[in-house]
Amino acid sequence: MKTRVGASGPKVRADVEIEWSSAPKFGYEVDSTVATLYGSAIRAQIEEAATRYGNPGLHFRCLDSGALPFTWAGRLDAAFQMALGLERPLPEGPKRTPCRDRRRRSRLYVPASSPKLILNAPVSGADALVFDLEDAVAPEEKLEALHLLAYTLRDVSFGDAEIMVRVNAREAGLEEIRLLAHSGVDLFVLPKVEEASQVEAAVAVLEEAGGESLIFPLIESAAGVEASYAIAKAARVAVMSLGMEDYLSEIGARRTESQAESEWVQGRVLNAAVAAGVDPLASVVAGLEKEVVEEYAVRAKLRGWRGVGCIHPAQIPLIHQAFLPSAEELRWARRIVVAFEQARTGAIQAENQMVDRPVVDRALRILAAEESR
Amino acid sequence: MNWVTNRAGRSVPTHRGDQELEPYAGVQGIPPSGRKTGPLIRSASSFPDNGDKRAPSLKEALGRAGLEDGMTLSTHHHFRNGDKVALSLFQAASELGVKGLRWFPSAVFPCHAELIPFLESGVIRSIEGSLNGPLGELASRGDLPEWAVLRSHGGRYRALQDGDVRVDIAVIAAPSADPFGNMTGARGPSACGGLGFAVGDAEYADHVIAVTDHLVPFPLTPWQIAGGYVDQVVEMDQIGDPSQIVSGTTVLTRSPERIRIAELAARFVAETGVMREGWSFQAGAGGISLSFTVYLGELMRERGIRASFARGGSTRYLVEMLEEGLVGTILDGQTFDLEGVRSLGVNPNHVMTSPFTSYSFHSKGRFASMVDCAVVGATEVDLNFNANVVTHSDGKLLHGIGGWQDALFSKCTILAVPSLRNRVPIVRERLTTFCGPGELIDVVVTERGIAINPRREDLLRAAEGRGLPLMSLDQIKADSEALAGGPPEEPRLGDDVIGLVTWVDGSALDVVRRVLPPKPLRS
């Protein structure tokens, strides 16, 4: 029976471990590296939370290594709710306007259970952040990670980055979506999607909760690949990606440098995404060495993927460099924008293609990418 | 104790025991008067004509040196956390039954916690130097009988030269030495690069003992410190732990925050033109500094810019730049890895410096003010760009000053710091401990953005429209306090002074007080 949340220890930073036990009335003791400098703030936070939960008969023993208020809030909520067997709605986050069409060259996976890694995310420069409740979080820590995540999204600013959350598979994931519907999530990443009905179930949860988030299904199995077009066509799907590791493992192939083993499946999933009008993103680049990351990103771009997943901020500048528009793309983009501005009647003919709004937007994006170099 | 308010607005004592203290009077320093001090005059007839100054053991050497109760003994810190000499020294002193000694190290490291028993037994009465780690904690608790006197590297040399501190016996760990006492740090199993921090001790101590684990026949050439300064030479099995003296190879930080700060600092110097053909820079070997050096290398390569010299902290990265021709000369104060040691040993453009050449303020000038750009850290900065480097915001002694105050005199001094450390914002209203004036601090670079000192209109103009994330210190303070849940509370300090922070001219800049234990945080 779990009686503690969070983490402490000589190497732990920016987190707090809360251990609870029964007591005649509510009480707490805190051992903190910032006892002198933030003692009053910590006290106030604990007492405010205790009041909200009716000052129950619990004693909290807290080991704090400089946890920020959002971390304290998440750990306290988790502790109270787990100790009392309660479930309360998660705090609401900022109102977001999820956007189908935006720059996603890099998406950085951030374990939702780690305050330290969460705090690295704002300086990473990633186009998108994927807060991971699935593979990055041990089963016994998933509930406290959910609480931490809700306060993270509410209180920490991530600038212009797109906010994605990877939930767990099946029912657990649907429950997470329901609870996070108003937490400020742009896209929910669904792992191991094999049928459009899985997406539909997630959308139904969002509709019922009144959430506006879009969906990003991950194709990670042979069955998923077969159904990838139908999945991409489902409502609210804006992005799709292939989970390379799991897929190759299932079909019994091995990753090689030439990527010959995944040529077909990459093409298949990419095609399905493009045919359905959703953003195709390549899987996570394995490896931190400069040459490995550069090559992977360049290859991904040449195939037509619009971005790449990554696990360490150091990979990001290399990825962005690889996704800079080529000279040819820039020339094309400038011509489109000029033609559009000249015509200004909506649909015009230029470059032998119908130049409607999405094409112009793509051209503008390419020019913006060049400008922000 | 009587107090006076100094030019930095801090209250400082007028006296330290019997000794009168000068309150800090500004960046220009108080004009000195008088002559340099000097050691006792000696005669060659009391030294062996064959130049063999060997003594059989350190204990024997100390006996011959006339070690007595209450004397001042000094050591250098080129061996960093691998030093074994300080421990050997006080073990020997203890065996000789001597007590009440004052230790005057050039810096202290965690390995020196091994000396705590000698403090407890009274062999060591006081430690005059910057204190950190376990010894710093002892000092902060008020457990040391005398004040910690914090001086920069340049300040320590000046204190020796001006006679503020008289060293009776200097024990100099020498990676290589000959029986006459000629010594070098560049060669030997415990090679550490240079011996700059021992130069002042060799020049001004009354008695100098060289301790080596690599004795070579006379003459040892080239020497870094001449045997003419040395009284005795002692051979020991191991004077230091080579793996802790210099690292096998320096590894770059992977911390995204540090990388970002380093990258922004490098972009700043590149975009504002601080970096230009023939420029010079200084950077240490800590996480941010090292990454900064690497980014600099990339930018200099890209733009075809060469540095006329660089001051180190030398590491393999700086050596690569030297060998590639990106840097003309390395002026090396301290060597951090084996590549640095190798290069110093073979490359005429990689030379040892000492606090005399680089830093001392009572001198005919020094290198520190000639450097175009120096990047340093800090523990706190206030809204006027004044900064702290010796205590945490809770008042605990954390670092020595090192070369920090000296390096501030560069033409463009950059403080590269995270906006928060363990929840505590770095930018604040008032410093816990005042260590460096804002007149000398030009730029603060954090992971959030860059703040330029309003005094530097030239830098403000140069930075305009260059796509740099410029912010005011107020903004950085506000953002970091928002994340931290407000500004930090005041530290809990006792009335008693446990340390004195001095400025480069020896004046009293601020005091460090005893840190009281935190109030229990419980219901």
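Here is a short report on the structure shown in this document. Quantities reported herein were computed from a predicted structural model and do not represent experimental measurements.

The rules behind each value
Residues numbered from 1 in each chain as written. Chains lettered and ligands numbered in written order. Predicted model: local features only at pLDDT ≥ 70, side-chain atom pairs only at ≥ 80, totals over all residues. Heavy atoms only, no water. Helix = DSSP H or I, 4+ residues; strand = E, 2+ residues; numbered from the N terminus. Rg over C-alpha atoms; globule rule 2.2 N^0.38 Å. Buried < 20%, exposed > 50% of the residue type's maximum accessible area, 1.4 Å probe, protein only. Contact = heavy atoms within 4.5 Å. Areas by Shrake-Rupley, 256 points an atom, 1.4 Å probe, with all protein chains shown as cover. Lys, Arg positive; Asp, Glu negative; His and termini not counted. Charge placed at Lys NZ, Arg CZ, Asp CG, Glu CD. Axes fitted to C-alpha atoms, helices over the stretch in contact; angles between N-to-C directions. Left-handed = near helix turned anticlockwise from the far one by under 90°. Nonpolar A, V, L, I, M, F, W, Y, C, P; charged D, E, K, R; others polar. Pairing = 2+ DSSP bridges. Buried area = accessible area lost by both parts, 1.4 Å probe. Salt bridge = Lys/Arg side-chain N within 4 Å of Asp/Glu carboxyl O. Polar contact = N/O pair within 3.5 Å; in protein donor to acceptor, adjacent residues only side chain to side chain. Patch = residues over 30% accessible without salt bridge, like charges linked within 9 Å, V, L, I, M, F, W, Y side chains within 5 Å.

Looking now at the overall build of chain B. What chain B contains, in helices and strands, is 15 helices and 30 strands. Rg of the C-alpha trace for chain B: 23 Å, near the compact-globule value of 24 Å for 523 residues, within the 12% margin. In terms of principal-axis extent, the alpha carbons of chain B reach across some 70 × 60 × 50 Å. Relative to its 523 residues, chain B shows a buried fraction of 60%. Residue pairs at least 24 apart in sequence account for 71% of intrachain contacts in chain B once pairs closer than 6 positions are excluded. Just so you have it, chain B exposes about 19,900 Å², and 49% of that area is on carbon and sulfur atoms. Charge centroids of chain B, computed over 51 positive and 61 negative side chains, lie 2 Å from each other.

What follows is about the packing of helix α2 (residues 69–84) of chain A against helix α4 (residues 142–155) of chain A. All names here are of chain A. Relative to each other, α2 and α4 sit at 145°, their axes nearing to 8 Å. Crossing of α2 over α4 shows right-handed handedness. The segment α2 lies against α4, with Phe70, Thr71, Ala73, Gly74, Arg75, Asp77, Ala78, Gln81 and Met82 engaging Leu143, Glu144, His147, Leu148, Tyr151, Thr152 and Asp155. Of the residues belonging to the contact of α2 with α4, the class tally is 7 nonpolar, 5 polar and 4 charged.

A separate point is the pairing of strand β4 (residues 58–64) of chain A. Residues and elements named next belong to chain A. The side-chain alternation of β4 yields one buried face, formed by Leu58, Phe60, Cys62 and Asp64, and one unburied face, formed by His59, Arg61 and Leu63. Of the pairings in the sheet, the one linking strand β2 (residues 16–22) to β4 comprises 7 bridges and is antiparallel in character. Looking at the pairing, glutamate 17 lines up with leucine 63 of β4. As paired strands, strand β3 (residues 27–32) and β4 are joined by 6 bridges and run parallel to one another. The partner of serine 32 across the bridge, within β4, is aspartate 64.

Contact residues are listed per partner, giving 26 residues for chain A and 27 residues for chain B. Across the chain A/chain B interface, buried area totals approximately 2,400 Å², and carbon plus sulfur atoms make up 62% of it. Per-residue buried area on chain A facing chain B is highest for Thr36, Leu37 and Tyr38 of chain A; these three make up 30% of the total on that side. Run the count over chain A and chain B and you get 0 salt bridges. The interface formed by chain A and chain B includes 10 residue pairs in polar contact (both at pLDDT 80 or more). Counting residues per element, the ones that place at least two in the side of chain A that touches chain B are β3, α1 (35–52), α2 and α3 (115–120) of chain A. Per-class residue counts for the side of chain A that touches chain B are 16 nonpolar, 7 polar and 3 charged. In this structure, β3 of chain A lies alongside strand β30 (residues 521–522) of chain B, joined through 2 bridges in antiparallel fashion. Paired with glutamate 29 of chain A across the strands is arginine 522 of chain B, a residue of β30 of chain B.

A separate point is a positive patch on the surface. A grouping of Arg13 and Lys116 of chain A together with Arg258 and Arg421 of chain B is seen on the molecular surface, where their side chains present a positively charged patch. Along the chain, the position of arginine 421 of chain B falls in strand β23 (residues 420–421).

The subject of this paragraph is unusual backbone geometry. Following phenylalanine 218 of chain B, the chain continues into proline 219 of chain B via a peptide bond in cis, with omega recorded as 0°. For proline 219 of chain B, the position within the fold is in the loop between β13 (207–212) and β14 (232–235). A cis amide bond links threonine 221 of chain B to the next residue, proline 222 of chain B, at an omega of -15°. Inspection of the secondary structure assignment puts proline 222 of chain B in the loop between β13 and β14. If you check the backbone angles, asparagine 55 of chain A has positive phi at about 45° while not being a glycine. Position of asparagine 55 of chain A among the secondary structure elements: in the loop between α1 and β4. Assessed through its relative accessible area of 46%, asparagine 55 of chain A is described here as partly exposed. Even without a glycine there, the phi angle at arginine 170 of chain A is positive, about 55°. Within the secondary structure, arginine 170 of chain A is located in helix α5 (residues 170–180). Using a relative accessible area of 68% as the deciding quantity, one classes arginine 170 of chain A as exposed.

Residue and element names in this part refer to chain A. Sheet architecture is open: 8 strands sit in the order β11-β10-β9-β8-β7-β6-β5-β12, paired in parallel fashion. With partners counted over all chains shown, the strands left at the sheet margins are β11 (279–281) and β12 (308–310), one partner each. On average, each strand axis in the sheet is tilted by 25° relative to the strand beside it, whichever way the strands run. With 2 bridges joining them, strand β9 (residues 214–219) and strand β10 (residues 239–242) adopt parallel strand pairing. What sits directly across from leucine 218, in β10, is serine 241.

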